[in-house]
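Structural characterization, general
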Amino acid sequence: MITFTLNGAEIAHPGGVTLLHALRGDFLLNGPRFGCGAEACGACHVLLEGRSVPACALPVEAVAGRAVTTLEGLGTRAAPHPLQRAFLEEQAGQCGFCLSGIIVTAAAFLRENPAPDEEALRVALDGHLCRCGSHNRIIRAIQRAAEEMRA
């Protein structure tokens, strides 16, 4: 059995599948999504030891003994993460398919860069595809959350 920490809880999995498959199919988490399966769209991103990584091709065995955080682990309905709150307030998504990956990537990015400019945010999110064209609202939401997190 492969043991790792998932959203703060120690768990075990038999392995033999991708992390995304385990998260969605075995642990019933809806945050990370299957988009392309080739680590190119960003929909499946999770935090691995605080770093944003694609989960669609990452074997469960690669996270043994490590901490994985999904969108569900960032905040709760009662106490949402500042990014989750800002995305709602800015109405930053339309279909929402890409948002989980974008939000976890933004969380990792803001930890390293608490006061980014717009260009830095756009570079950090370059690997995330939003087919609805919500990019400007997404950037505004991340900037709003960054301000709140610095206050």
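The following paragraphs examine the structure supplied in this document. Just so you know, these numbers come straight off a predicted model, no measurement behind them. (Residues numbered from 1 in each chain as written. Predicted model: local features only at pLDDT ≥ 70, side-chain atom pairs only at ≥ 80, totals over all residues. Heavy atoms only, no water.)

Before going further, it helps to examine the overall build of the chain. Helices and strands together make up the secondary structure of the chain, namely six helices and five strands. When the elements of the chain are put in sequence order from the N terminus, they spell out β-β-α-β-β-β-α-α-α-α-α. Relative to its length of 151 residues, the chain is compact, with a C-alpha radius of gyration of 15 Å against a globular reference of 15 Å. Dimensions of the chain, computed from the C-alpha atoms along their principal axes, are close to 40 × 30 × 25 Å. Every one of the 151 residues in the chain was classed for burial, and the buried ones make up 44%. Partitioning the intrachain contacts of the chain with sequence separation of at least 6 by distance along the chain shows that 57% fall at a separation of at least 24. Entry remark: accessible area of the chain is about 7,700 Å², with carbon and sulfur atoms responsible for 52%. (Helix = DSSP H or I, 4+ residues; strand = E, 2+ residues; numbered from the N terminus. Rg over C-alpha atoms; globule rule 2.2 N^0.38 Å. Buried < 20%, exposed > 50% of the residue type's maximum accessible area, 1.4 Å probe, protein only. Contact = heavy atoms within 4.5 Å. Areas by Shrake-Rupley, 256 points an atom, 1.4 Å probe, with all protein chains shown as cover.)

Regarding helix 1 (residues 19-26), the residues found buried are Leu19, Leu20, Ala22 and Leu23. Looking straight down helix 1, one finds its buried side chains confined to an arc of 170°; they lie on one side. Phi turns positive, to about 55°, at Leu28, one or two residues after helix 1. (Arc of directions from axis to C-beta.)

Scanning all chains against the criterion turns up five salt bridges. Arg85 is paired through a salt bridge with Glu148; the nearest N and O atoms lie 2.3 Å apart. Of this pair, Arg85 sits in helix 3 (residues 82-89) while Glu148 sits in helix 6 (residues 135-150), and the two are 63 residues apart along the sequence. For Glu148, a relative accessible area of 34% translates into the label partly exposed. (Salt bridge = Lys/Arg side-chain N within 4 Å of Asp/Glu carboxyl O.)

To continue, consider the environment of Asp126. Note on placement: Asp126 falls in the loop between helix 5 (118-124) and helix 6. Using a relative accessible area of 63% as the deciding quantity, one classes Asp126 as exposed.

A few words now on the environment of Ala108. Tracing the backbone shows Ala108 in helix 4 (residues 99-112). Residue classification places Ala108 among the buried residues on the basis of a relative accessible area of 11%. Spatially, the C-alpha atom of Ala108 lies 9.8 Å from that of Glu49, the residues being 59 residues apart in sequence. In this structure, Ala108 is in contact with Leu47, Gly50 and Ser52, ignoring residues within four places of it in sequence.

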